[in-house]
Amino acid sequence: MLSSLRDRVLPDHQRRTLEELEEDLDLSAGDTRAKQSAFWSMLFLSAVIAAGGVLTDSTATVIGAMIIAPLSTPIMGIALGAVQRRQSTAALFVVVGGMLVVMLGALFSLVLPASYALLSNSQISSRTSPGLTDLVAALATGFAGALALSAGTLPRSCPEWRSPSRWCRRWW
């Protein structure tokens, strides 16, 4: 039953090879310098954009930061490594990247004027009390990203995102 569902959702002729997935999801393989440079640069920029969006209470800006944040690459790399039953460095990128983002957020909070009511900000309060709807949306988003990556059909509006390794070679 699961096999037939998989074939309907992602037919054989649309599936990317394991080598293609590894090339895109393993930041420690292939052109590591370009991949890692792009990862850290985009993560830093997305953290700055997100902090600006939170501090100005701008949902659109926070969503923009989420769109360009590259953390989904090593997260999916962890999943690929788990499926293959092999260790990868993806978890290290997630942990260090998460720490970088938190430190940048903390730094931004330190430069705020004392009169700024950080805890009453809707961007912060909505993200610190997620509900079931948020969980369903997050799971659907993850599934959509994994499906798009597996089929190689990320949105046409962002053609360079279809292959992060191609994006790195093109821009870095």
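The structure displayed is predicted, hence computed values, not measured ones.

Asks: Help me out: how do you make sense of the packing of helix α2 (residues 18-25) against helix α5 (residues 72-84) in this one?
Replies: Angle between the axes and distance between the axes: these two values describe a pair of packed helices. In the contact formed by α2 and α5, the axes pass within 9 Å of each other and the chain directions differ by 140 degrees. Considering the angle they form, α2 stands oblique to α5. Between α2 and α5 the crossing geometry is left-handed. On α5, the residues touching Leu18, Leu21, Glu22, Asp24 and Leu25 of α2 are Thr73, Met76, Gly77, Leu80 and Gln84. Here the contact of α2 with α5 is composed, by residue class, of 5 nonpolar, 3 polar and 2 charged.

Asks: Can you walk me through the pattern of salt bridges in this structure?
Replies: For side chains of opposite charge, pairing can occur when their charged atoms come near one another. All chains considered together, the criterion is met by 1 salt bridge. In this structure, glutamate 23 and lysine 35 form a salt bridge, with 3.7 Å as the shortest nitrogen-oxygen distance. Placement of glutamate 23 in helix α2 and of lysine 35 in helix α3 (residues 32-55) is noted, with a sequence separation of 12 residues between them. On the basis of relative accessible area, glutamate 23 is assigned to the partly exposed category, the value being 27%. Here lysine 35 falls in the buried class, since its relative accessible area comes to 4%.

Asks: Please explain the packing of aromatic side chains as it appears in this structure.
Replies: Each aromatic ring pair is specified by the distance between its two centres and by the angle formed by the two planes. Scanning all chains against the criterion turns up 3 aromatic pairs. For the ring pair phenylalanine 39 and phenylalanine 93, a centre distance of 5.6 Å and an interplane angle of 85 degrees mean the geometry is edge-to-face. Taken as a pair, phenylalanine 39 in helix α3 and phenylalanine 93 in helix α6 (residues 90-110) lie far apart in primary sequence, 54 residues in all. Counting every residue linked through ring pairs, the aromatic cluster contains Phe39, Trp40 and Phe93.

Asks: Would you explain the packing of α5 against α6 in this entry?
Replies: Where α5 meets α6, the closest approach of the two axes is 8 Å, and the angle between their N-to-C directions is 145 degrees. Considering the relative orientation of α5 and α6, their crossing is left-handed. Taken together, the residues of α6 that come into contact with α5 (itself represented by Pro74, Ile75, Gly77 and Ile78) are Ala90, Ala91, Phe93 and Val94. Residues that form the contact of α5 with α6 fall into these classes: 7 nonpolar, 1 polar and no charged.

Asks: Explain the side chain of serine 58 here, please?
Replies: Following the sequence through the fold, serine 58 ends up in the loop between α3 and α4 (59-68). Engagement of the side chain of serine 58 in a polar contact is seen with the side chain of threonine 61, the distance being 2.8 Å. Not counting residues within four places of it along the chain, the set of residues in contact with serine 58 comprises Gly53 and Gln123.

Asks: Before we go on, may I ask you to explain α5 in this structure?
Replies: Spanning 13 residues, α5 covers 18 Å between terminal C-alpha atoms, matching the ideal 18 Å at 1.5 Å per step. Within α5, the full set of buried residues consists of Thr73, Pro74, Met76, Gly77, Leu80 and Gly81. Taken end-on, α5 shows its buried residues confined to a sector of 155 degrees, consistent with a single buried face. Facing away from the buried surface of α5 by more than 90 degrees, the exposed residues are Ala82 and Val83. With its phi angle positive at about 55 degrees, arginine 85 sits one or two positions after the end of α5.

Conventions we followed
- Residues numbered from 1 in each chain as written.
- Predicted model: local features only at pLDDT ≥ 70, side-chain atom pairs only at ≥ 80, totals over all residues.
- Heavy atoms only, no water.
- Axes fitted to C-alpha atoms, helices over the stretch in contact; angles between N-to-C directions.
- Helix = DSSP H or I, 4+ residues; strand = E, 2+ residues; numbered from the N terminus.
- Parallel < 35°, antiparallel > 145°, perpendicular 65-115°, else oblique.
- Left-handed = near helix turned anticlockwise from the far one by under 90°.
- Contact = heavy atoms within 4.5 Å.
- Nonpolar A, V, L, I, M, F, W, Y, C, P; charged D, E, K, R; others polar.
- Salt bridge = Lys/Arg side-chain N within 4 Å of Asp/Glu carboxyl O.
- Buried < 20%, exposed > 50% of the residue type's maximum accessible area, 1.4 Å probe, protein only.
- Phe/Tyr/Trp six-rings, centres within 6.5 Å; stacked < 30°, edge-to-face > 60°.
- Polar contact = N/O pair within 3.5 Å; in protein donor to acceptor, adjacent residues only side chain to side chain.
- Expected span 1.5 Å × (residues − 1).
- Arc of directions from axis to C-beta.

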